[in-house]
Amino acid sequence: AASYLLPLPRPSCFVSRLLPSDIIMPTTSKMTGAVALAAGVGACSMAVSPSAYVAPAPQVDARMRTLVAAGHHPGATASFAAPAAAATILAGGAAAAAAVAGARKPRRSQAKVVALPRASGIARQARGGEEDTRVCIPLEELRNTDVEKVGGKSASLGEMISQLAEVGVPVPGGFSTTSFAYKEFLDKGGINAFINDTLADESIYTDVNKLMAVGKKVRDKIMDTPFQTEFETELKAQWLRVSGGSETFTFAVRSSATAEDLPDASFAGQQETYLNVMGYEDMKKKVHLVFASLFTDRAISYRHDRGFEHQKVQLCATCQKMVRSETGSAGVVFSLDTESGFQNVVFVTSAWGLGETVVGGTVNPDEWYVFKPTLAEGKDAILARTMGSKMVKMTYKAGGGTGLVDTSVAEQTAWSASDKDVTDLAVMAVKIEKHYGRPMDIEWARDGDDGKIYIVQARPETVASQKKVGFIEDYKMLEKGKDIVATGRAVGKRIGSGKVNLLKSIDEMSKFEKGQVLVADMTDPDWEPIMKKASAIITNRGGRTCHAAIIARELGIPAIVGCGDATEKLAAGQEVTVSCCEGDTGNIYNGLLKFERTEQDLGVLPKVAMKIMMNVGNPESAFTFGQLPNDGIGLARLEFVINNAIGVHPKALLNYDILDAATKALIDPKMKGYGSPKEFYIQKITEGVATLAASVYPKRIIVRLSDFKSNEYKSLIGGEKYEPDEENPMIGFRGCGRYTDPFFTECFEMELDAIKKVRGAMGMTNVEIMIPFVRTLEMARDVMLILEKNGL
C-alpha cells in the first residue's frame with residue numbers, strides 16, 4: 001500500500017512539533033525505516049519552500065498534481081509556480097527516497113511523494129494542513145472523503161463517478177458548491193449569530209407553531225441576503241462548463257449537508273430538491289433556496305432530536321445533469337430488505353416519470369426482490385414482484401419546474417421497469433454496496449431519450465443494517481381482530497394503537513397529540529415534527545422506500561403506507577390497532593387489541609446433536625425467520641401461497657375464457673401485469689417458493705405440494721363450480737389422489753412448472769418436494785410418472 005506524508009510545520013519549529021499524527025500511513029504499510037527516513041528528507045526539504053506541499057494524494061486536485069518520483073500521474077500538470085531552487089530541493093529529497101526504496105525489493109508499491117503548488121483555492125493552516133477555499137468543485141474531482149467539503153450527497157456522487165463508472169455504474173456529472181462557500185455566505189452576510197440566537201430557545205422543539213414561525217424567520221433571513229460576487233462568478237462559470245451556456249439545459253439541484261447520509265442517520269428528505277432547473281438565473285435562485293432549506297421546520301427538528309448542533313452543519317448544493325426520466329421511469333433501490341434487514345436480496349422500486357413521486361411518497365410504486373447469490377451466477381434472480389397503483393407521475397413543466405399528472409390505465413396496469421432493468425439495477429446495487437462496504441440506499445432514473453439507467457444518489461442504509469446481530473425484537477397480536485378496516489404495505493415489524501387523528505394537510509400539525517395514530521393522504525419529511533409523537537402512521541399513498549417510510553423506521557414507529565382509502569374508512573377519534581408484524585401486508589384493526597412485545601438476545605447458542613429445521617408457510621415472513629439459527633425449512637406448505645397470493649381456483653384460471661363476467665371481474669385485478677391466467681398462477685407459485693428458498697439458501701427447503709381439501713378449494717374464487725360436496729373432506733379428494741385424477745392433472749402440472757423453474761432457471765437446487773396424502777403404492781407410482789413427464 002502506498003504511504004503518504006502530510007504537510008510538515010515550518011523549519012524553525014518542525015523538530016519539536018512533529019507529532020505521530022503528522023505522518024499518516026496505512027496500517028498495512030510495508031514501508032521500512034530507511035525508506036521512511038529518505039522520504040522524510042524530501043518532506044523536510046519541502047518546509048523551506050513557501051509554495052509547495054507534501055500532501056495525501058487522495059485529497060489533492062488532480063489538475064495540480066506533480067508526481068516527482070516514479071513518473072507523472074495521469075492528469076497531473078508538469079509544471080508549477082514554485083521557485084526553481086525549491087523545486088530542485090524537493091526533487092533531490094524525493095530522489096533520495098526513491099533511491100533508498102529502489103535498493104530494496106518492493107513489497108507492493110512504491111511510496112509516492114506528491115508536490116502541490118499553492119493555488120488560489122488552497123489556504124495554508126497553522127499546523128501545516130490546507131483548507132480548500134474553492135466555492136464550487138466539479139463532481140468528478142470529489143471523493144467520499146470530501147464530506148466536510150461538499151456534504152454527503154456530492155461526495156458520494158464524486159466517488160461513484162471516479163471509482164465505479166468503469167465497472168458499469170453510470171452517474172450524471174455536474175458540480176457542487178462547498179461548505180466553505182456556505183460558511184462565507186453566512187459569516188459575511190451576518191446570518192450566523194442571528195441563527196444561533198434564534199434556535200437557542202428550547203421551547204421551539206416541543207411547540208410545533210413556534211417551530212414553524214422560527215423556521216420561516218431563519219429562511220427569510222437567508223433568502224434576503226444576496227450571494228457574494230466571487231461566489232456568483234464561480235457559480236456561473238460552473239454552469240457554463242456543464243451546460244455549454246444553453247438556457248434549455250436542465251439540472252437537478254439537490255441539497256448536500258456535511259451531516260447527512262451517515263450510517264445511523266439518513267437525513268432523508270430533510271432539505272430541498274429542485275428538478276428541471278433551466279438557465280443560470282433559475283439555478284442561482286434554486287441554490288439560494290437549497291441553502292435556506294437547511295432550516296426547514298423538519299430539518300431543524302430532525303437535527304435537534306438526533307443531537308446534531310445546528311451551527312456545525314453546513315449545506316452545499318449538488319448541481320447535476322438532469323436525467324430525462326419524465327418520459328421514462330425512476331425509483332429507489334436498497335441493497336437489503338428494508339423490513340427484516342435480510343442482506344441477500346436487493347429491493348427495487350419504480351414508478352413512471354421523475355423519481356420524486358417514489359421518494360416523496362406520492363405514489364404506490366412497483367416492487368421487486370432480487371436474490372444476490374443467484375444473480376452472481378447469472379441466473380434468473382428476480383424472486384418476487386408486486387405491482388403498485390402508480391396513479392400519478394411527475395413530469396416537466398414548460399419553461400422549467402415539475403408537476404403531477406394522472407397516469408393512463410395502460411401505465412397503471414403495466415410494470416414501470418422491465419425484468420432486464422430490474423436485474424441491471426440489482427447488479428449496480430451490488431457493485432455500489434461492495435465498493436462502500438455496507439448496505440446502501442440508492443436512487444436511480446431511466447432516461448426516456450436514450451433508454452439508459454443512471455444512478456443519481458447513493459447513501460448508507462440507516463435502520464435495518466444497524467440492527468444488533470443475534471438480538472430479536474418480536475411483536476405479536478394476542479387478540480386476533482376480525483374487523484380489518486384497511487390494509488396497505490407494512491413498514492417496520494411493530495404494532496401500535498391509539499385514537500385516529502385524521503389530518504388533511506401539514507397546516508393542521510398543531511392539532512396532533514402524542515400517542516395518536518396519524519392518518520393522512522400522504523406524509524413527507526415535512527411531517528417529521530409530529531411523526532415522532534405518533535403511535536402509528538397510516539397513509540393512502542406511498543411505498544416502503546419513500547422518505548417518510550425511512551424516517552418512520554428510524555423513529556421506530558409502525559407505518560402502513562399505500563392503503564388507498566384509509567382516510568375514507570377511518571374516522572377521527574376511532575380507536576384502532578396498527579399491525580405491521582404479520583408480513584408485507586399491514587393490517588389496521590378496529591379497536592384497541594392486545595399485543596405483546598418481547599426482546600431476546602440469542603448470544604452464542606450451543607451446538608445440538610440434531611438439525612433443527614423450521615416450519616414456514618408465509619413468504620412475507622421468510623426473510624425474518626431465515627435469520628434465526630436454523631438448518632433449513634423442513635415444511636413449507638404450498639396452500640399458503642395459493643390462498644394468499646393467488647386466491648383463485650386453478651381450474652377457473654385454466655377455463656378463464658368461459659367464465660361469467662362477475663367471476664372475471666374478481667380475477668382481473670389480481671392478474672395485473674401477468675400475460676395470461678396460466679402464467680399468473682405459475683409465476684405466483686414460483687415467486688412464493690423462490691422467496692422461501694432464498695431465505696435459507698443454500699440449506700434444504702422441503703416444499704409440500706398443494707394439499708387443499710375440497711371445501712378449502714371451494715372457498716377460492718371460482719371454486720364453487722369445480723368442487724364436490726363431501727361428507728368428510730379430511731379423507732376425501734385431496735393430495736396425491738387429486739394429482740393423479742384426470743380432472744386435476746393439468747392443475748398439478750402448473751405447480752410442477754413452477755417448481756421446475758425455481759430449481760432450473762432460478763438455480764435454487766436446495767428446493768425439494770413432498771407429495772402429501774399418498775394412500776397406496778399405486779398412487780405413488782402414478783404420481784412419479786407425472787413427475788418424470790414434467791422433468792422432476
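Just above sits the structure.
Residues numbered from 1 in each chain as written. Predicted model: local features only at pLDDT ≥ 70, side-chain atom pairs only at ≥ 80, totals over all residues. Heavy atoms only, no water.

A. The arrangement of the overall build of the protein chain in detail. Of the regular secondary structure elements, the protein chain holds 26 helices and 33 strands. Here the protein chain, with 792 residues, has 55% of them falling under the buried criterion. (Helix = DSSP H or I, 4+ residues; strand = E, 2+ residues; numbered from the N terminus. Buried < 20%, exposed > 50% of the residue type's maximum accessible area, 1.4 Å probe, protein only.)

B. Structural detail: the sheet that holds strand β24 (residues 517-520). Strand order around the closed barrel formed by 7 strands is β22-β26-β25-β24-β23-β27-β28, with mixed pairing between neighbours. The average undirected angle you get between the axes of adjacent strands in this sheet is 35°. Both strand β23 (residues 495-502) and β24 contribute to a ladder of 3 bridges, which runs parallel. Residue V500 lies in a different strand from β24, and its bridge partner there is V517. (Pairing = 2+ DSSP bridges. Axes fitted to C-alpha atoms, helices over the stretch in contact; angles between N-to-C directions.)

C. Representation of the nonpolar core. Formed by 104 residues in total, the largest nonpolar core has its most connected members in M160, L383, I432, I455, I701, F748 and M764. Each residue touching L383, except ones within four places of it in the same chain, is listed here: V345, Y369, V370, F371, F623, E687, A690, T691, A694, M762 and M764. Judged by nonpolar contacts, the second largest core, of 40 residues, contains I222, V277, M283 and I300. (Core = buried A, V, L, I, M, F, W, Y, C linked by side-chain atoms within 4.5 Å. Contact = heavy atoms within 4.5 Å.)

D. View of the state of the cysteines. Considering all chains together, one arrives at 0 disulfides under this definition. No disulfide involves C563; its nearest neighbouring cysteine sulfur is the one of C580, lying 9.3 Å away. What makes C563 buried here is its relative accessible area of 11%. Sulfur of C580: no disulfide; nearest cysteine sulfur belongs to C581 and is 7.9 Å away. Look at C580 and you get buried, because its relative accessible area is 0%. (Disulfide = S-S within 2.5 Å.)

E. Quick look at the pattern of salt bridges. If you walk through the whole model with that rule in mind, you get 42 salt bridges. A single network of salt bridges, built from pairs that share partners, joins D132, R134, E141, D146 and K149. (Salt bridge = Lys/Arg side-chain N within 4 Å of Asp/Glu carboxyl O.)

F. Structural detail: the side chain of E339. Assignment of secondary structure puts E339 in the loop between β13 (329-334) and β14 (345-352). For E339, the side chain forms a polar contact with the main-chain nitrogen of G492, separated by 2.4 Å. Only 2.6 Å separates the side chain of E339 from the side chain of R553, close enough to count as a polar contact. Beyond its immediate chain neighbours, meaning those up to four positions away, E339 contacts K467, A490, V491, G492, K493, R544 and R553. (Polar contact = N/O pair within 3.5 Å; in protein donor to acceptor, adjacent residues only side chain to side chain.)

G. Spatial organisation of unusual backbone geometry. A cis amide bond links Y697 with the next residue in sequence, P698, at an omega value of 5°. With respect to the element layout, P698 can be found in the loop between α22 (677-696) and β32 (701-704). Positive phi outside glycine occurs at N276, with the angle close to 55°. Within the secondary structure layout, N276 lies in strand β11 (residues 273-278). The phi angle at F773 is positive, at roughly 55°, despite the residue not being glycine. Structurally, the position occupied by F773 is in the loop between β33 (767-770) and α26 (777-789).

H. A look at the packing of aromatic side chains. This model, assessed by the stated rule, comprises 21 aromatic pairs. Their ring planes at 40° and their centres at 6.1 Å tell us that F231 and F291 sit as a pair that is tilted. Residue F231 is located in helix α8 (residues 229-243), and its partner F291 is located in helix α9 (residues 280-292); the two are separated by 60 residues in the primary sequence. Classification of F231 as buried rests on a relative accessible area of 3%. Both rings, one in F342 and one in F623, keep their centres 4.7 Å apart while their planes meet at 10°; by these two values the pair is stacked. Taken together, the residues span a long stretch of sequence, with F342 in the loop between β13 and β14 and F623 in helix α18 (residues 622-625) at a distance of 281 residues. Across the pair, exposure class does not vary: F342 and F623 are buried alike. Looking at K651, its charged tip hangs above the ring of F743, at a distance of 4.9 Å from the centre. (Phe/Tyr/Trp six-rings, centres within 6.5 Å; stacked < 30°, edge-to-face > 60°. Lys NZ or Arg CZ within 6 Å of the ring centre and 35° of its normal.)

I. The sheet that holds strand β16 (residues 382-386), seen in detail. Sheet architecture is open: 6 strands sit in the order β16-β15-β14-β13-β19-β20, paired in antiparallel fashion. Edge positions in the sheet fall to β16 and β20 (453-460), since each of these pairs with one other strand and no more. With direction set aside, neighbouring strand axes in the sheet form an average angle of 20°. Where strand β15 (residues 366-371) and β16 come together, 4 bridges link them in antiparallel fashion. Within β16, the position partnered with W368 by the bridge is R385. Taken strand by strand, helix α14 (residues 419-436) contacts β13, β14, β15, β16, β19 (440-446) and β20, and its axis lies near 140° from that of β19.

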